[in-house]
Amino acid sequence: MLKVGITGGIGSGKTTVARIFQLLGIPVYFADQAARSIMQTDPEVISQVKTLLGDEAYLPDGTLNRVYVAKRVFQDQWLLEQLNAITHPATIRDAENWMKQQHTPYAIKEAALLFETSAFHYLDRIIVVYAPRALRIQRVMQRDHVSAEEVKRRMLQQIAPEIAIRLADDVIYNDEQRAVIPQVLHLHQQFLAMANLRPS
Ligand code: ATP
């Protein structure tokens, strides 16, 4: 089975694009959502997070204390990197297991960070969703009710879109100039053909 990654800058429309593939019957692993769940269910991850950030990282009912964790890691780049070093490998393992359980010609992993971690090594094709910076800022401000400064701060965690495009196999332009669905349909046909050519 072909393993396809979808990535792109914050607010580029990765999730929106991944949902169109889902409508075509292609299973999608949403890595950011999965990582949040892993942080609350994987005993080894929980223990490492507690060692790094203290027992306060979890509430008495076992759920992640998001406010506390966000406050700690966003003030301290080193802590954020340490936390990522715990959660990223665990999410990569989980995604790999999930991929093994899929029975379609191809399956997708959607993640904000693919090139920034070693995640892209495990994928056969990578799609970058592109939208201009100003549009992305406007979308995220509207979606999350946050300031432009907050969106720009989150953008700093990701590589520049120009670099992502150069590293990608395919690009989907979600710039409100070009229609997105025909681009998805084109890639869908391409991936089905590629999957057909691969030894099973
Ligand atoms: P993040 O990295 O923050 O999770 P993302 O890349 O997954 O962002 P989406 O959540 O898919 O981006 O899109 C960001 C916002 O922009 C959403 O509210 C979505 O509905 C909206 N959006 C995305 N694409 C379009 C489009 N072509 N037209 C109008 N709105 C769009």
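Structure: see above.
Residues numbered from 1 in each chain as written. Predicted model: local features only at pLDDT ≥ 70, side-chain atom pairs only at ≥ 80, totals over all residues. Heavy atoms only, no water.

A.B. asks: Honestly, the overall build of the protein chain in this entry has me stumped. Any pointers?
C.D. replies: A tally of helices and strands in the protein chain yields 9 helices and 5 strands. Taken from the N to the C terminus, the helices and strands of the protein chain come in the order β-α-β-α-α-α-α-β-β-α-α-α-β-α. Over its C-alpha trace the protein chain gives a radius of gyration of 18 Å, about what one expects of a compact globule, namely 16 Å for 200 residues. On the principal axes, the C-alpha backbone points of the protein chain span a range of 50 × 40 × 25 Å. (Helix = DSSP H or I, 4+ residues; strand = E, 2+ residues; numbered from the N terminus. Rg over C-alpha atoms; globule rule 2.2 N^0.38 Å.)

A.B. asks: What is the right way to read the site of the ligand from this model?
C.D. replies: Of all residues adjacent to the ligand, which total 13 residues, the nearest are K14, T15, T16, R143 and N174. One nitrogen or oxygen atom from the main chain of G13 is found 2.9 Å from an oxygen atom belonging to the ligand. Listed by contribution, the elements that provide at least two residues to the shell around the ligand are α1 (14-23) and α6 (133-144). Of all the elements, α1 adds the most residues to the shell around the ligand, at 3 residues. (Near = heavy atom within 4 Å. Polar contact = N/O pair within 3.5 Å; in protein donor to acceptor, adjacent residues only side chain to side chain.)

A.B. asks: Looking at this structure, how should I read the packing of aromatic side chains?
C.D. replies: The relative placement of two aromatic rings is captured by the distance of their centres and the angle of their planes. Using the criterion set out here, one finds 5 aromatic pairs in the structure. An angle of 85° between the planes, with centres 6.4 Å apart, marks the rings of F21 and Y106 as edge-to-face. Of this pair, F21 sits in helix α1 while Y106 sits in strand β3 (residues 106-110), and the two are 85 residues apart along the sequence. For F21, a relative accessible area of 0% gives the class buried. Residue Y106 is classed as buried on the basis of its relative accessible area, which comes to 0%. With a centroid separation of 5.9 Å and 65° between ring planes, the pair formed by Y130 and Y173 is classed as edge-to-face. Of this pair, Y130 sits in strand β4 (residues 125-130) while Y173 sits in strand β5 (residues 170-173), and the two are 43 residues apart along the sequence. For Y173, a relative accessible area of 26% corresponds to the partly exposed category. Counting every residue linked through ring pairs, the aromatic cluster contains F21, Y106 and F191. Between R153 and the ring centre of F74, over which it is positioned, the NZ or CZ distance is 4.6 Å. Just above the ring of Y173 sits the side chain of R178; from NZ or CZ to the centre is 4.0 Å. (Phe/Tyr/Trp six-rings, centres within 6.5 Å; stacked < 30°, edge-to-face > 60°. Buried < 20%, exposed > 50% of the residue type's maximum accessible area, 1.4 Å probe, protein only. Lys NZ or Arg CZ within 6 Å of the ring centre and 35° of its normal.)

A.B. asks: It is not clear to me how unusual backbone geometry should be interpreted in this structure. Could you clarify?
C.D. replies: With the exception of glycine, the majority of residues adopt a negative phi angle, and the majority of peptide bonds are in the trans configuration. For H145, which is not glycine, the phi torsion reads 55° and is therefore positive. Tracing the sequence through the fold places H145 in the loop between α6 and α7 (148-155). If you check the backbone angles, E176 has positive phi at about 65° while not being a glycine. Judged by its relative accessible area of 58%, E176 falls in the exposed class.

A.B. asks: Can you help me understand empty space enclosed by the protein in this one?
C.D. replies: Across all of its chains, the model carries 2 cavities of 30 Å³ or more by this definition. Estimated volume of the largest cavity: approximately 120 Å³. In terms of lining, the largest cavity is formed by 16 residues, of which the most central are G8, G9, I159, P161 and A164. With 3 residues, the top contributor of residues to the lining of the largest cavity is β4. Looking at the lining of the largest cavity, its residues break down into 9 nonpolar, 5 polar and 2 charged. (1 Å grid on protein atoms, 1.4 Å probe; cavity = no way out; pocket = protein on both sides within 12 Å on 5 of 7 lines; lining within 4 Å. Points joined across faces, edges and corners; volume = space filled by probe spheres on them. Nonpolar A, V, L, I, M, F, W, Y, C, P; charged D, E, K, R; others polar.)

A.B. asks: Explanation requested: a nonpolar patch on the surface in the structure shown.
C.D. replies: Taken together, the side chains of L24, I181 and L185 make up a nonpolar region of the molecular surface, amounting to roughly 240 Å² of accessible area. Within the secondary structure, L185 is located in helix α9 (residues 180-197). Owing to a relative accessible area of 39%, L185 belongs among the partly exposed residues under this scheme. (Patch = residues over 30% accessible without salt bridge, like charges linked within 9 Å, V, L, I, M, F, W, Y side chains within 5 Å. Areas by Shrake-Rupley, 256 points an atom, 1.4 Å probe, with all protein chains shown as cover. Salt bridge = Lys/Arg side-chain N within 4 Å of Asp/Glu carboxyl O.)

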